[in-house]
Amino acid sequence: MNNLTIVVYHYVRDLKNSRFPGVKGLDLDLFREQIGYIRKHYHVITMEEVIHSIDNQVKLPSKSVLLTFDDAYSDHYMNVFPVLDKHKLQGSFYTPSKAITENTILDVNKIHFILASVQDKSDIVSDLKHLLKVYKKEYQLQDFDYYYKKLAFADTTTAMSGAAGTENNYDTQEVRFIKKLLQVELIEELRIRITDTLFEKYVGMSEPSFSRELYMNEEQLKHMLRSGQHIGNHGYNHYWWNSLTKAEMREELDLSIAFLNKIGVDMNNWTACYPYGAYD
């Protein structure tokens, strides 16, 4: 297989008229412009063409591009799918299936909307300082200053994208601290407890209700699948795959593969997009 350009999207929405204009996403008008540019200068290919190229050592067309969309946002059904369908283009959409089947919200998304709901991020930092003190004895935590010094300052050699990873070079110290503390540093049980507290305080919606607004449902995924879009595996819980034991990884794959099978994906050609880009 020759070189392939993969373009990765997350939120694609009318940001100016959104309830959460502070969410870092791509404005719908800019997405339409990008698709116009890509159609003019590149050859948009399907996932099936990629698989065929790899399996049969066949070269792809020159300047091939694969369009991918992570996290199964309702944005993708309402905003992205009509654009792709109009131009007879395929996108590959990667689903964190627990969010859809159990109406939960990915921790990374809770953090996005907490941040988007608070203008002064120092308010969140103050809350975290208090909560770390509350849970210090139960979870044997360090002092707040230890975590802030460790997490708030950029490591320019390992910066990751803000949409999928823990930080990027455009984040302030406060935002970097919030993301890294709640995505990586604390143990999962405590991260969930603290994130849920902040989500309730600043977003103020029930998790199931917000989840139904944020993500696609099974019928929407089936519709896109019937229309020629590719639906793939983005994990069940959206865990970092390089942090799981063999048994945990097997369960994560089994549950997410069962979901793909349920909605009608061709299981001879299923694909996976590693959450956070992390794999073992």
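Report on the accompanying structure. (Residues numbered from 1 in each chain as written. Predicted model: local features only at pLDDT ≥ 70, side-chain atom pairs only at ≥ 80, totals over all residues. Heavy atoms only, no water.)

What about the layout of surface pockets?
Its boundaries defined by the atoms lining it, the largest pocket holds a volume of some 610 Å³. As for the largest pocket, its lining consists of 27 residues, and the residues nearest its centre are Asp107, Glu188, Arg191, Asn237 and Tyr239. Put simply, the parts of the chain that give the lining of the largest pocket at least two residues each are α4 (97–101), α5 (107–117), α9 (173–185) and α10 (188–202). For the lining of the largest pocket, the element with the most residues is α10, which contributes four residues. Partitioned by chemical class, the residues of the lining of the largest pocket number 14 nonpolar, five polar and eight charged. (1 Å grid on protein atoms, 1.4 Å probe; cavity = no way out; pocket = protein on both sides within 12 Å on 5 of 7 lines; lining within 4 Å. Points joined across faces, edges and corners; volume = space filled by probe spheres on them. Helix = DSSP H or I, 4+ residues; strand = E, 2+ residues; numbered from the N terminus. Nonpolar A, V, L, I, M, F, W, Y, C, P; charged D, E, K, R; others polar.)

A few points about the packing of helix α12 (residues 218–226) against helix α13 (residues 246–263)
As a packed pair, α12 and α13 sit with axes 10 Å apart at the nearest point and diverge in direction by 65°. Here α12 is positioned roughly perpendicular relative to α13, judged by the angle of their axes. From α12, Glu218, Leu221, Lys222 and Leu225 reach across to α13, where they touch Phe259, Lys262 and Ile263. Grouping the constituent residues of the contact of α12 with α13 by class yields four nonpolar, no polar and three charged. (Axes fitted to C-alpha atoms, helices over the stretch in contact; angles between N-to-C directions. Parallel < 35°, antiparallel > 145°, perpendicular 65-115°, else oblique. Contact = heavy atoms within 4.5 Å.)

Considerations on the packing of aromatic side chains
Applying the stated criterion across every chain yields a total of 21 aromatic pairs. Considering the side-chain rings of Tyr73 and Tyr215, the 6.1 Å spacing of their centres and the 15° angle between planes classify their relative orientation as stacked. In this pair, Tyr73 is assigned in the loop between β5 (64–70) and α3 (74–86) and Tyr215 in the loop between α11 (207–214) and α12, connecting sequence segments 142 residues apart. Each member of the pair, Tyr73 as well as Tyr215, carries the same accessibility label: buried. In textbook terms, an aromatic cluster arises when at least three aromatic residues are bridged by ring pairs, as seen for Tyr11, Phe20, Tyr73, Phe113, Phe199, Phe210 and Tyr215. Over the aromatic face of Tyr42 sits the side chain of Lys63, whose NZ or CZ is 4.9 Å from the ring centroid. (Phe/Tyr/Trp six-rings, centres within 6.5 Å; stacked < 30°, edge-to-face > 60°. Buried < 20%, exposed > 50% of the residue type's maximum accessible area, 1.4 Å probe, protein only. Lys NZ or Arg CZ within 6 Å of the ring centre and 35° of its normal.)

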